[in-house]
Amino acid sequence: MLTLGIETSCDETAAAVLEGDSRVLSNVISSSIAKHQPFGGVVPEIASRHHLENIDTVVRCAIKEAGISLGQIDLIAVTQGPGLIGALLVGTSFAKMLAYVLNKPLIGVHHLEAHLEANFVDGKEPPARYIGLIVSGGHTHLVLVNQGQYTVIGSTRDDAAGEAFDKVAKILGLGYPGGPEIDRLAKLGNPKKIKFSCGHIPGTFDFSFSGIKTAVLYYVRKNASYREQISDMAAGFQHAVVKSLVSKTLAACERYQVSDVVVGGGVAANSELRARLKEESDKHGFTLLLSPLKYAVDNAAMIARAGYVGFQKGRCSDWSMTGAANLPMGENHAHA
Ligand code: KG4
Ligand code: ZN
């Protein structure tokens, strides 16, 4: 079975072809990051325009690289939400058009569920029950996944983890997206020199990352020589964010008696987060699955995989399926 995945929720126009449940035949991404860089963040209108101008080519490339013809596709999976509404509408409209013309089934996919599915595109078996940590540019969620059912047990009260990386990078005068830059600089710095900490919300699995961003801003305002300390600041900031993510994830495993952890989303590419999660999981006897780097950031292979899994469970979307900026997990519009 061949699934075409289409992703247009934010700043990447992506298409991929998946054979069966885990053989990626092609994975094409056209990023609009360079167009947003002068503005220091994603400009929704520019993202939508980029999707409109590129989606046709990206899908054609994915089909060509897979060595198949469009008519051989058995299922079309598309990101339904959450994301930028204008961007989502380009992908969902295009997918519906293809499904109609080719007379193939269509399935709307939840972008965050797909970030967890990214761990299984290369053949790994999903654990029956696991704690999912989703850390992207727009979301930070802790999810209990039980036989494919998603229950959000914690999320950020304010900024997402990736958003905090991006905003702190902006404060420090670094480029967009900020995560990879901070990750690189943190390796050169000492996390103990300038200490930051994340807000702790006791008795919950919720996160808070806006306070630490403000702390970095105040430090910059108060220290005229902050430019000489940028790597120490990056290290101190990253250390605190990673500590918060790791401690809540492990606490969730203990609380729900779960021994498998699955991590997805762009921030899952962070080297310190990967190292600390591995260290702590080993120490506590948990099994850790981390998205391979190329599937951690937005891509369509994960959308195809999530669509395939949903379809196997008997789910499918009708023509009323459309982009949904705030789609809750486990409740996408695809129906049995
Ligand atoms: O999942 P993603 O590609 O897009 C969304 O769905 O939002 O995540 C993008 C986010 C950005 O905020 C980016 O700064 C962050 O992932 N990111 C990182 C790293 N690579 C990407 N954050 C920390 N360390 C990294 N190495
Ligand atoms: Zn994403």
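Residues numbered from 1 in each chain as written. Chains lettered and ligands numbered in written order. Predicted model: local features only at pLDDT ≥ 70, side-chain atom pairs only at ≥ 80, totals over all residues. Heavy atoms only, no water.

Caption draft 1: Representation of the site of ligand 1 within the structure. Not every one of the 20 residues close to ligand 1 is listed here, only the nearest: Gly 137, Asp 166, Asp 183, Gly 266 and Asn 270. One of the side-chain nitrogen or oxygen atoms of His 115 is found 3.0 Å away from an oxygen atom of ligand 1. Here a nitrogen atom of ligand 1 and a side-chain polar atom of Asp 183 are 2.9 Å apart. Isolated, ligand 1 exposes 560 Å² of accessible area, and the fraction of that covered by the protein chains is 89%. Of all the elements in the fold, those that place two or more residues in the shell around ligand 1 are helix H4 (111-117), helix H5 (161-171) and helix H6 (178-186). In terms of residue count, H6 provides more of the shell around ligand 1 than any other element does, four residues in total. The residue inventory of the shell around ligand 1, partitioned by class, reads six nonpolar, 11 polar and three charged. (Near = heavy atom within 4 Å. Polar contact = N/O pair within 3.5 Å; in protein donor to acceptor, adjacent residues only side chain to side chain. Areas by Shrake-Rupley, 256 points an atom, 1.4 Å probe, with all protein chains shown as cover. Helix = DSSP H or I, 4+ residues; strand = E, 2+ residues; numbered from the N terminus. Nonpolar A, V, L, I, M, F, W, Y, C, P; charged D, E, K, R; others polar.)

Caption draft 2: Representation of the packing of aromatic side chains within the structure. Under the counting rule described, the total for this entry stands at six aromatic pairs. Seen from their ring centres, Tyr 100 and Trp 319 are 5.7 Å apart, and the 65 degrees between their planes marks the pair as edge-to-face. Remark: Trp 319 occurs in the segment after helix H11 (301-312) and Tyr 100 occurs in helix H3 (residues 85-102); sequence separation between them is 219 residues. Overall, the relative accessible area of 63% leaves Tyr 100 in the exposed class. An angle of 15 degrees between the planes, with centres 5.8 Å apart, marks the rings of Phe 207 and Phe 209 as stacked. Of the residues examined, Phe 207 reaches a relative accessible area of 0% and is grouped as buried. Against the face of Tyr 256 rests Arg 255, its NZ or CZ located 4.6 Å from the ring centre. (Phe/Tyr/Trp six-rings, centres within 6.5 Å; stacked < 30°, edge-to-face > 60°. Buried < 20%, exposed > 50% of the residue type's maximum accessible area, 1.4 Å probe, protein only. Lys NZ or Arg CZ within 6 Å of the ring centre and 35° of its normal.)

Caption draft 3: Representation of the sheet that holds strand E10 (residues 287-290). In spatial order, the strands read E8-E7-E6-E9-E10; together these five strands make up an open sheet with mixed pairing. Each edge of the open sheet is held by one strand with a lone partner, namely strand E8 (149-155) and E10. With direction set aside, neighbouring strand axes in the sheet form an average angle of 25 degrees. Packing of helix H8 (residues 230-256) onto the sheet brings it into contact with strand E6 (129-135), strand E7 (140-146), E8 and strand E9 (260-264), and relative to E6 it is tilted by some 160 degrees. (Pairing = 2+ DSSP bridges. Axes fitted to C-alpha atoms, helices over the stretch in contact; angles between N-to-C directions. Contact = heavy atoms within 4.5 Å.)

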